[in-house]
Amino acid sequence: MKRTANASLKHLNSFAVDATAGQLFEFRSTGELDKFIQEHGFDPNRDLILGGGSNILFADDVEGTVLVNRLMGKSIVNDCHDSSTDTEVLIDVHAGEVWHTLVMWTLDQGLYGLENLSLIPGLAGAAPMQNIGAYGVELSDVLDSVEVFEIESGAIRELSLPDCRLSYRDSRFKSVDAGKYLITRVRLRLNRVPRTNLNYSGLRDELTAMGIAHDALPTAVQVSNAVIRLRQRKLPDPEIQPNAGSFFKNPIVSHSKATEMAQEYPLIPVYTLSDKQSKLSAAWMIEHCGWKGHSMGRAAVSSQHALVLINRGGASGKEILELARLIHKSVFDRFGIDLQTEPLIVGADV
Ligand code: EPU
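Treat the numbers as computed from the prediction; the structure is a model and nothing was measured.

**Examining the packing of helix H2 (residues 99–108) against helix H5 (residues 220–234)**
Thought 1: Running from N to C, H2 and H5 cross one another at 155°; their axes reach a closest spacing of 10 Å. With respect to each other, H2 and H5 are oriented roughly antiparallel. Note that H2 runs across H5; the crossing there is left-handed. Taken together, the residues of H5 that come into contact with H2 (itself represented by His 100, Met 104 and Leu 107) are Ala 220, Val 221, Ser 224 and Ile 228.

**Things to note about the packing of aromatic side chains**
The description of an aromatic ring pair rests on the distance of the ring centres and on the angle between the ring planes.
Thought 1: One pass over the structure, following the stated rule, counts nine aromatic pairs.
Thought 2: Ring centres of Phe 173 and Tyr 181 lie 6.3 Å apart, and the angle between their planes is 80°; on these two criteria the pair is classed as edge-to-face. Across the pair, Tyr 181 and Phe 173 agree in class, each one buried.
Thought 3: Linked through ring pairs, Phe 15, Phe 247 and Phe 248 together constitute an aromatic cluster.
Thought 4: If you follow Lys 279 out to its NZ or CZ, it ends over the ring of Tyr 168, 4.0 Å from the centre.

**Things to note about the site of the ligand**
Thought 1: Tyr 135, Tyr 168, Tyr 200, Glu 287 and His 305 are the nearest of the 24 residues found near the ligand.
Thought 2: Within the side chain of Asn 250, a nitrogen or oxygen atom sits 2.8 Å from an oxygen atom of the ligand.
Thought 3: At a separation of 2.9 Å, an oxygen atom of the ligand approaches a polar side-chain atom of Lys 292.
Thought 4: Relative to its unbound accessible area of 820 Å², the ligand is 81% covered by the protein chains.

**Overview of the sheet that holds strand S15 (residues 270–272)**
Thought 1: Spatially, S14-S16-S15 is the arrangement adopted by the three strands of the open sheet, whose pairing is antiparallel. Two strands bound the open sheet, and with one partner strand each, they are strand S14 (252–254) and S15. Strand-to-strand twist across the sheet, computed as the mean angle between neighbouring axes with direction ignored, equals 40°.
Thought 2: Bridge count for S15 against strand S16 (residues 277–280) is three bridges, and the pairing is antiparallel.

**Structural notes on the sheet that holds strand S2 (residues 20–27)**
Thought 1: Here we have four strands laid out as an open sheet, ordered S1-S2-S5-S3, and mixed in their pairing. Each edge of the open sheet carries a strand with a single partner, namely strand S1 (2–8) and strand S3 (48–50). Across the sheet, the mean angle separating the axes of adjacent strands is 25° when strand polarity is ignored.
Thought 2: Note that S2 and strand S5 (residues 62–69) share six bridges and pair parallel. Paired with Phe 27 across the strands is Asn 69, a residue of S5.
Thought 3: Of the strands in this sheet, S1, S2 and S5 touch helix H1 (residues 30–40), which is tilted by about 140° from S2.

**Here we look at H1**
Thought 1: Within H1, the full set of buried residues consists of Leu 33, Phe 36 and Ile 37. Down the axis of H1, the buried set is contained in an arc of 95°. They therefore lie on one face.
Thought 2: Of the residues one or two after H1, Gly 41 is the one with positive phi, at around 75°.

**Remarks on the side chain of Arg 169**
Thought 1: The topology assignment puts Arg 169 in the loop between helix H3 (161–164) and strand S12 (181–191).
Thought 2: Arg 169 gets classed as buried once you look at its relative accessible area, which sits at 14%.
Thought 3: Polar side-chain contacts of Arg 169 include one of 3.2 Å to the side chain of Glu 342.
Thought 4: Setting aside residues no more than four positions away along its own chain, Arg 169 makes contact with Gln 130, Asn 131, Ile 132, Gly 133, Lys 174, Lys 249 and Glu 342.

**A look at the domain arrangement of the protein**
Thought 1: Segmenting the protein into domains produces domain 1 (2–69), domain 2 (74–191) and domain 3 (243–346).
Thought 2: At the interface, 13 residues of domain 1 touch 17 residues of domain 3.
Thought 3: Between domain 1 and domain 3, roughly 1,300 Å² of surface is buried when both sides are summed, and carbon and sulfur atoms account for 58% of that area.
Thought 4: Here domain 1 is connected to domain 3 by eight residue pairs in polar contact (both at pLDDT 80 or more).
Thought 5: Among the elements that take part in the side of domain 1 that touches domain 3, strand S4 (residues 56–58) stands out by supplying three residues, more than any other.
Thought 6: Grouping the constituent residues of the side of domain 1 that touches domain 3 by class yields nine nonpolar, three polar and one charged.

Conventions we followed
Each chain has its residues counted from 1, following the order in which its sequence is written. Note on the predicted model: pLDDT of at least 70 is required for a residue's local features to be given, and 80 or more for side-chain atom pairs to be given and counted; whole-chain, interface and lining totals, by contrast, use all residues. Hydrogens and water molecules were not included; the side-chain quantities draw on all heavy atoms of the structure. Every angle, taken between N-to-C directions, lies between 0 and 180 degrees, and every axis is a line fitted to C-alpha atoms, over only the stretch in contact when it is a helix. Only DSSP runs of H or I reaching four residues or more are called helices, and only runs of E reaching two or more are called strands; each is numbered from the N terminus. These descriptions rest on fixed angle ranges, namely under 35 degrees for roughly parallel, over 145 for roughly antiparallel, 65 to 115 for roughly perpendicular, and the rest for oblique. Helix crossings get a hand from a simple test, with the near helix turned counterclockwise from the far one by less than a right angle marking a left-handed crossing and a clockwise turn marking a right-handed one. Contacts between residues were defined by any pair of non-hydrogen atoms, one from each residue, lying within 4.5 Å. Side-chain rings of Phe, Tyr and Trp, where Trp is taken by its six-membered ring, are said to pair if the distance between their centres is within 6.5 Å; with planes under 30 degrees apart they count as stacked, over 60 as edge-to-face, and otherwise as tilted. Buried means the residue's accessible area, taken with a 1.4 Å probe over protein chains only, is under 20% of the maximum for its type, while exposed means over 50%, and partly exposed covers the values in between. In our convention, an over-ring charge means Lys NZ or Arg CZ found within 6 Å of a ring centre and within 35 degrees of that ring's normal. For this purpose, a residue is taken to be near a molecule or strand whenever a single non-hydrogen atom of the residue falls within 4 Å of it. Think of a polar contact as two N or O atoms within 3.5 Å of one another; within protein, one of them needs to be a possible hydrogen donor and the other a possible acceptor, and neighboring residues in sequence only count if both atoms come from side chains. Using a 1.4 Å probe, accessible areas were evaluated by the Shrake-Rupley method; residue-level cover was limited to the displayed protein chains. Paired strands are those between which DSSP finds at least two bridges. The directions from the helix axis to the C-beta atoms form the arc being described. The source of the domain bounds is an automatic or database domain assignment. Summed over both partners, the accessible area lost on bringing two parts together, with a 1.4 Å probe, is the buried area. The residue classification treats Ala, Val, Leu, Ile, Met, Phe, Trp, Tyr, Cys and Pro as nonpolar and Asp, Glu, Lys and Arg as charged. All others, Gly included, are polar.

The following block contains the structure:
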């Protein structure tokens with residue numbers, strides 16, 4: 001357990017915004033967390049629970065305590081690889097583990113399912129919050145259950161996959177139950193037999209560029225390497241250009257709206273989700289409003305990817321949010337689409 005008063009949050013958020021917290025409390029066990037909350041209480045309007053800080057924008061300081069999750073450890077729960085009928089393997093990962101390190105560890109163990117999710121920044125505990133997803137796979141494809149600490153009662157509960165109510169970049173932890181639970185552990189359902197997922201159109205091209213024959217079945221490690229290459233090329237590195245990944249979600253619209261958009265803008269990427277809904281490319285709309293690579297003071301839109309806002313050095317959260325609001329307005333004025341932000345905005349309404 002570690003406590004620091006008036007702590008800078010600059011190194012605890014991937015936007016590198018220099019906000020401060022009244023107090024920082026790092027906990028390494030649920031016992032430490034329980035004791036702290038019993039002594040000090042927890043008010044979601046004053047205090048905040050932080051994971052890796054890779055999906056958050058501090059538009060203001062945090063008056064109360066920032067509780068930093070340092071719950072570490074990962075293990076294989078059951079391993080059926082001796083059985084010819086069941087190749088599934090459950091693994092438990094504590095919330096403070098770094099996501100990408102976990103993905104590499106699973107590949108080293110010969111466990112498959114996370115390869116398309118390589119190099120996603122952040123901690124394992126944050127993965128269910130926004131149902132992380134990339135290159136054709138979402139956490140919901142591999143999640144078995146989540147262990148949570150209920151803040152009000154201090155009880156530890158197990159929530160099944162349906163109980164987590166995961167959807168595109170959303171969950172009960174981010175919406176209806178925000179501030180109610182702290183995720184302590186995730187249980188993932190992986191496989192000893194690779195189930196290669198090449199649904200993302202650019203993945204096969206990347207594998208071909210790596211010298212893997214077009215008709216060959218790539219290994220999970222090769223898929224992971226292709227995803228890493230794609231991410232490194234398409235997305236700015238938060239260590240060099242501080243950012244929180246996609247700042248906006250791809251909007252989900254009705255088929256009639258998608259058809260209307262596709263007729264007016266034949267080049268806009270449209271992805272069919274169901275017989276009622278489609279997803280439109282927010283990056284395409286933002287780029288077509290002229291924002292890609294555009295700077296506004298110390299905040300900017302990445303020149304690599306129009307969905308990513310970057311801190312050019314010393315930007316405040318308010319400056320980044322101001323840029324986001326202008327982007328939102330221009331997309332709404334031009335396309336009639338109300339973009340939703342992906343990161344949690346602290347200290348301001350969107
Ligand atoms: N595009 C543009 N301009 C750009 C970037 C993209 O017009 O600057 C268009 C292109 O037509 C491109 C298409 O958008 O083909 C799709 O781009 P991309 O494959 O990068 O996917 P995305 O929909 O923009 C989503 C996720 C990313 C994830 C990628 C790959 C969201 C909000 N973002 O982006 O996730 O890496 O798919 O699966 O769903 C994140 O959440 O932080 C994140 C980076």
